[in-house]
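# Coordinate inspection notes
The lines below spell out each chain.
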Amino acid sequence: MPAVIPVSELQRNMGAVAEQCHKTKQPIYLTKNGKASLVVMDAVEFDERFAALDGLREHEERVRRAVSRGYDDLVNGRVRSLVQARRDVERIRAARDGE
């Protein structure tokens, strides 16, 4: 369960709130007049989470491009059966290994 405190608590006890952020590595949601206003969290944890998200976005983009290329190959007839693909692999391996 995320921590939720009023902004006034942050103003009164900045040190304690900062310590909680560093200790738990979890965000603390700040409210103003009973409504969500801000989020504070440990800076290192913030950077690590966003780096992980960036890595995930990059991975998803690579997958999207690969699927798009595969679909384009399918639409344009650049496909072969599994049997033919296996034969091609064996032929390439044999040539590479000097058989």
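Attention here is on the structure that accompanies the text.

Conventions and cut-offs
- Residues numbered from 1 in each chain as written.
- Predicted model: local features only at pLDDT ≥ 70, side-chain atom pairs only at ≥ 80, totals over all residues.
- Heavy atoms only, no water.
- Helix = DSSP H or I, 4+ residues; strand = E, 2+ residues; numbered from the N terminus.
- Rg over C-alpha atoms; globule rule 2.2 N^0.38 Å.
- Buried < 20%, exposed > 50% of the residue type's maximum accessible area, 1.4 Å probe, protein only.
- Contact = heavy atoms within 4.5 Å.
- Areas by Shrake-Rupley, 256 points an atom, 1.4 Å probe, with all protein chains shown as cover.
- Lys, Arg positive; Asp, Glu negative; His and termini not counted.
- Charge placed at Lys NZ, Arg CZ, Asp CG, Glu CD.
- Pairing = 2+ DSSP bridges.
- Axes fitted to C-alpha atoms, helices over the stretch in contact; angles between N-to-C directions.

Secondary structure assignment for the protein chain yields four helices and three strands. Relative to the globule expectation of 13 Å for 99 residues, the C-alpha radius of gyration of the protein chain, 27 Å, shows a markedly less compact shape. Each of the three principal axes of the protein chain carries a C-alpha extent, and together these read 75 × 35 × 20 Å. Looking at the protein chain residue by residue over its 99 residues, the buried ones come to 12%. In the protein chain, the proportion of contacts linking residues at least 24 apart, taken out of those at least 6 apart, comes to 26%. Surface exposure of the protein chain reaches about 8,200 Å², of which carbon and sulfur atoms provide 56%. Charged side chains of the protein chain number 18 positive and 16 negative; the gap between the two group centres comes to 4 Å.

Let's shift gears to the sheet that holds strand β2 (residues 28-32). Taken in spatial order, the three strands of this open sheet run β1-β2-β3, and their pairing is mixed. The strands lining the two open edges of the sheet, one partner per strand, are β1 (3-6) and β3 (35-40). Shown here is a sheet whose adjacent strand axes are inclined to one another by a mean of 35°, direction ignored. Pairing of β2 with β3, which is carried by five bridges, proceeds in the antiparallel orientation. What sits directly across from Thr31, in β3, is Ala36.

Distances and angles like these do not, on their own, reveal function.
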